[in-house]
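Listed here are the chains, written in short residue letters.
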Amino acid sequence: MGRLFVVTLEGKIYSCKHCKTHISLCEDIVSKSFHCRHGKAYLFSKVVNVTIGEIEERMMMTGMHAVCDIFCVGCGSILGWKYETAHEKNQKYKEGKSVLERFKIIGPDESRYWVGRETHIGGSDADDV
């Protein structure tokens with residue numbers, strides 16, 4: 001295995017909750033109205049320090065999408081997914097963007113998102129953007 005180079009971000013940073021590897025900046029958030037099986041999720045225009053899994057077709061709440069899971073390079077934890085292709089015309093804005101599950105990242109103020117008992121365990125995608 002080769003040498004691992006990790007990008008260090010400056011500013012309001014979102015990090016992996018397990019190893020605190022920097023993942024994205026607050027200014028890269030496109031939407032905070034996404035949902036996943038653990039609750040809230042945010043759509044980011046840019047993420048760093050992640051590896052990408054295999055592309056697969058998934059039926060989301062907003063239709064069929066080609067997505068791939070994204071993993072932290074520091075610890076290998078799954079953090080969310082990246083939209084490769086959206087099949088619906090009104091969903092094309094998601095292409096190339098990544099969704100980070102709020103449950104799996106630490107916010108800029110070191111805040112963590114806790115899963116409540118009322119959290120819906122089901123599909124993943126945005127309800128409204």
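Further up the page is the structure itself.
1. Here's the deal with the packing of aromatic side chains
When we look at a pair of aromatic rings, we describe it by the centre distance and by the angle of the planes.
Okay, step 1: According to the stated counting rule, one finds four aromatic pairs in the structure shown.
Okay, step 2: Aromatic pair tyrosine 14 and tyrosine 42: ring centres 6.0 Å apart, planes at 85°, arrangement edge-to-face. You can see tyrosine 14 sitting in strand E1 (residues 13-16) and its partner tyrosine 42 sitting in strand E4 (residues 39-44), a full 28 residues away along the chain. Across the pair, exposure class does not vary: tyrosine 14 and tyrosine 42 are buried alike.
Okay, step 3: An angle of 70° between the planes, with centres 5.5 Å apart, marks the rings of tyrosine 14 and phenylalanine 44 as edge-to-face. Residue tyrosine 14 is found in strand E1, and its partner phenylalanine 44 is found in strand E4; the two are separated by 30 residues along the sequence.

2. What to know about the pattern of salt bridges
Okay, step 1: A complete count under the given rule lists five salt bridges for this structure.
Okay, step 2: Glutamate 95 serves as the salt-bridge partner of lysine 92, at 3.3 Å between the closest nitrogen and oxygen.
Okay, step 3: Among the residues examined, glutamate 95 registers a relative accessible area of 29% and is labelled partly exposed.
Okay, step 4: One salt bridge connects glutamate 101 with lysine 104, and the closest N-O pair in it is separated by 3.7 Å.
Okay, step 5: Residue glutamate 101 is classed as buried on the basis of its relative accessible area, which comes to 5%.
Okay, step 6: Counted as one network, the salt bridges with shared partners bring together Glu56, Arg58 and Asp69.

3. Examining the environment of glycine 76
Okay, step 1: Its location among the elements puts glycine 76 in the loop between strand E7 (63-72) and strand E8 (78-86).
Okay, step 2: Classification of glycine 76 by relative accessible area gives partly exposed; the value is 44%.
Okay, step 3: Expressed as a C-alpha distance, the spacing of glycine 76 and histidine 18, which sit 58 residues apart in the sequence, is 9.5 Å.

4. Some words on the environment of leucine 100
Okay, step 1: With respect to the secondary-structure elements, leucine 100 resides in strand E9 (residues 98-101).
Okay, step 2: In this structure leucine 100 comes out as buried when scored by relative accessible area, which is 0%.
Okay, step 3: When the C-alpha positions of leucine 100 and cysteine 36 are compared, they lie 9.2 Å apart, and in sequence the two are 64 residues distant.
Okay, step 4: Residue contacts for leucine 100: discarding those within four places in its chain leaves Ile23, Ser24, Ala41, Tyr42, Phe44, Val47, Ile70, Leu79 and Ile105.

5. Observations regarding the nonpolar core
Okay, step 1: Judged by nonpolar contacts, Tyr14, Cys16, Ile23, Ile29, Tyr42, Phe44, Val47, Ile70, Cys72, Leu79, Leu100 and Ile105 together constitute the single largest core of twelve residues.
Okay, step 2: Every element with two or more residues in this core is listed here: E1, E4 and E7.
Okay, step 3: Counting nine residues, the second-largest nonpolar core is a separate cluster that includes Ala41, Leu43, Val67 and Trp81.

6. Some remarks on unusual backbone geometry
Okay, step 1: Residue lysine 20 is not a glycine yet carries a positive backbone phi of 65°.
Okay, step 2: With respect to the helices, strands and loops of the structure, lysine 20 is situated in the loop between E1 and strand E2 (22-25).

Thresholds applied
- In every chain, residue numbers begin from 1 and rise along the written sequence.
- Reporting of local features is limited, given that this is a predicted model, to residues whose pLDDT is at least 70; pairs of side-chain atoms are given and counted only at 80 or more, and all residues count toward the totals for whole chains, interfaces and linings.
- In computing side-chain values, all of the structure's heavy atoms are included and hydrogens and water are not.
- Here a pair means two rings of Phe, Tyr or Trp (six-membered ring of Trp) with centres within 6.5 Å. Their orientation is stacked below 30 degrees between planes, edge-to-face above 60, and tilted elsewhere.
- Segments assigned H or I by DSSP are reported as helices when at least four residues long, segments assigned E as strands when at least two residues long, and all are numbered from the N terminus.
- Only protein chains enter the accessibility calculation, which uses a 1.4 Å probe. A residue is then buried if its area is under 20% of the maximum for its type, exposed if over 50%, and partly exposed in between.
- Here, a salt bridge means any side-chain nitrogen of Lys or Arg that lies within 4 Å of a carboxyl oxygen of Asp or Glu.
- Contacts were defined at the residue level, with two residues in contact if any of their heavy atoms lie within 4.5 Å.
- Among buried residues, those of type Ala, Val, Leu, Ile, Met, Phe, Trp, Tyr and Cys that are joined through side-chain atoms within 4.5 Å constitute a nonpolar core.

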